[in-house]
Amino acid sequence: SARCTSRTWWFEDLAVVLGPGMVERVAGALLARGTDHGVVSRFLFYYLKCRVAGAATADDKRAMLEAAIAAMSGLDRSSVSCRGLFGILRVSSPLKLPTSCHDSLVAMIGAKLDHATLDNLLVPAPPGTTSSLYDVTLVLRFLDAFLHHAAATGARGETPRLKKVGKLVDLYLAEVAPDPSLRPAMFVELATALPAAARDCHDALYRAIDVYFQVNYSDLWCRLASTASTVLDFVSISQTHPRINCY
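These numbers were taken from a predicted model, which means no experiment stands behind them.

Cut-offs used in this document
Residues numbered from 1 in each chain as written. Predicted model: local features only at pLDDT ≥ 70, side-chain atom pairs only at ≥ 80, totals over all residues. Heavy atoms only, no water. Helix = DSSP H or I, 4+ residues; strand = E, 2+ residues; numbered from the N terminus. Expected span 1.5 Å × (residues − 1). Buried < 20%, exposed > 50% of the residue type's maximum accessible area, 1.4 Å probe, protein only. Arc of directions from axis to C-beta. Contact = heavy atoms within 4.5 Å. Axes fitted to C-alpha atoms, helices over the stretch in contact; angles between N-to-C directions. Parallel < 35°, antiparallel > 145°, perpendicular 65-115°, else oblique. Left-handed = near helix turned anticlockwise from the far one by under 90°. Salt bridge = Lys/Arg side-chain N within 4 Å of Asp/Glu carboxyl O. Polar contact = N/O pair within 3.5 Å; in protein donor to acceptor, adjacent residues only side chain to side chain. 1 Å grid on protein atoms, 1.4 Å probe; cavity = no way out; pocket = protein on both sides within 12 Å on 5 of 7 lines; lining within 4 Å. Points joined across faces, edges and corners; volume = space filled by probe spheres on them. Lys, Arg positive; Asp, Glu negative; His and termini not counted. pLDDT = per-residue confidence, 0-100.

Caption draft 1: Layout of helix H3 (residues 20–32). Given a rise of 1.5 Å per residue, 13 residues ought to cover 18 Å, and the 19 Å separating the end C-alpha atoms of H3 matches this to within 8%. Buried within H3 we find Val23, Val26, Ala27 and Leu30. The buried side chains of H3 occupy one side of the element, clustering within an arc of 100° when seen end-on. Opposite the packed face of H3, turned more than 90 degrees from it, sit the exposed residues Gly21, Arg25 and Ala32. Close packing links the buried residues of H3 with helix H2 (11–15), helix H4 (37–51) and helix H5 (58–72).

Take a look at the structure:
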């Protein structure tokens, strides 16, 4: 819109001249002057889009990403695009950001997890990983960050968001369940990561468990079932799916 353009005409002028060391300072100055958080967020994404691809070295790219992530971490979560954050994650993965910076990115994504899609979560496991095809550990960290953010901001209005994340996790479970390299303990941790209120119906969860049992060796069935039964109603699962009844 014309109004939006009038508020963001300066994006290109600043993006082409600012080095990483100035980006966070400029973002802070804009906020101090009362600039809308959404406008600052869009500027930071615009900056990365314009500059990272053309950066001469990996160190330059890393510095730009670190500066933008640091600036974004001070914005209202509602003003930061979930899709954009996953874009940063994808670009930064091979660059090995500092732990604190990566943790900040994970926390921001976790806080917006109810806006994520299944494709967003299907991040390949790091090179050399043999425990799963996808980075399940990363998704568990997203879930932990989501729950932490929900607890920190209070329960009001969180139930619809929790249910959206519950549906997303069930879709993810359906994708990772056929993976024969996924360890039972990690599968159980993922299946039980959310509180009971996240699901009105457990059918999708039961189907994922059923698929996981079918794919893995028979001696894993009872071992996983005995672990799962501490947090799931395994009797109900067994009645619904006699194939996984170990008793």
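From this point on, the discussion continues.
Caption draft 2: Up close: the packing of helix H6 (residues 82–92) against helix H7 (residues 99–111). Closest axis-to-axis distance for the H6/H7 pair is 10 Å, and the angle between their directions is 150°. What the angle tells us is that H6 and H7 run roughly antiparallel. For the pair H6 and H7, the sense of crossing is left-handed. Across the interface between the two elements, Leu85, Phe86, Ile88, Leu89 and Ser92 of H6 pack against His102, Leu105, Met108 and Ile109 of H7.

Caption draft 3: Representation of the pattern of salt bridges within the structure. With the rule as written, the count across this model stands at 5 salt bridges. Between aspartate 59 and arginine 62 there is a salt bridge, with the nearest N and O atoms lying 2.6 Å from each other. With aspartate 59 and arginine 62 both in helix H5, this residue pair falls 3 residues apart, about one helical turn. For aspartate 59, a relative accessible area of 52% translates into the label exposed. When the shortest N-O distance is used, the salt bridge between arginine 141 and aspartate 103 registers 2.5 Å. Here aspartate 103 lies in helix H7 and arginine 141 lies in helix H9 (residues 136–153), a separation of 38 residues in the sequence.

Caption draft 4: View of the side chain of aspartate 179. Mapped onto the secondary structure, aspartate 179 falls in the loop between helix H10 (158–176) and helix H11 (184–191). In this structure the side chain of aspartate 179 is engaged in a polar contact, spanning 2.7 Å, whose partner is the backbone nitrogen of leucine 133. Apart from the residues lying within four places of it in its own chain, the contact partners of aspartate 179 are Ser132, Leu133, Tyr212 and Val215.

Caption draft 5: Examining the layout of surface pockets more closely. One number sums up the size of the largest pocket: a volume of about 930 Å³. Lining the largest pocket are 32 residues; nearest its centre among them are Leu89, Arg90, Ser92, Ser93 and Val123. Among the elements of the structure, H4, H6, helix H8 (118–121) and H9 are those that each provide at least two residues to the lining of the largest pocket. The biggest single contributor to the lining of the largest pocket is H6, with 9 residues.

Caption draft 6: Structural detail: the side chain of aspartate 135. One can find aspartate 135 in the loop between H8 and H9. We note that aspartate 135 is buried and unpaired, the nearest opposite charge coming from arginine 141 at a distance of 7.9 Å. Among the polar contacts listed, one links the side chain of aspartate 135 to the backbone nitrogen of leucine 138, at a separation of 3.1 Å. Those residues in contact with aspartate 135 that lie beyond four places of it in its chain are Val123, Pro124, Ala125, Pro126 and Tyr172.

Caption draft 7: Seen up close, the confidence of the model for the protein. Mean pLDDT for the protein: 85, with 82% of residues reaching 70 or above. No element of the protein has a lower mean pLDDT than helix H14 (residues 234–240), at 48, and none a higher one than H8, at 98. Residue range residues 1–6 is modelled with pLDDT below 50. Its contacts to residues more than four positions away, or to other chains, number 1 contact. In this model residues 243–247 is a low-confidence stretch, pLDDT under 50, and it forms 14 contacts with partners more than four residues away in sequence or in other chains.

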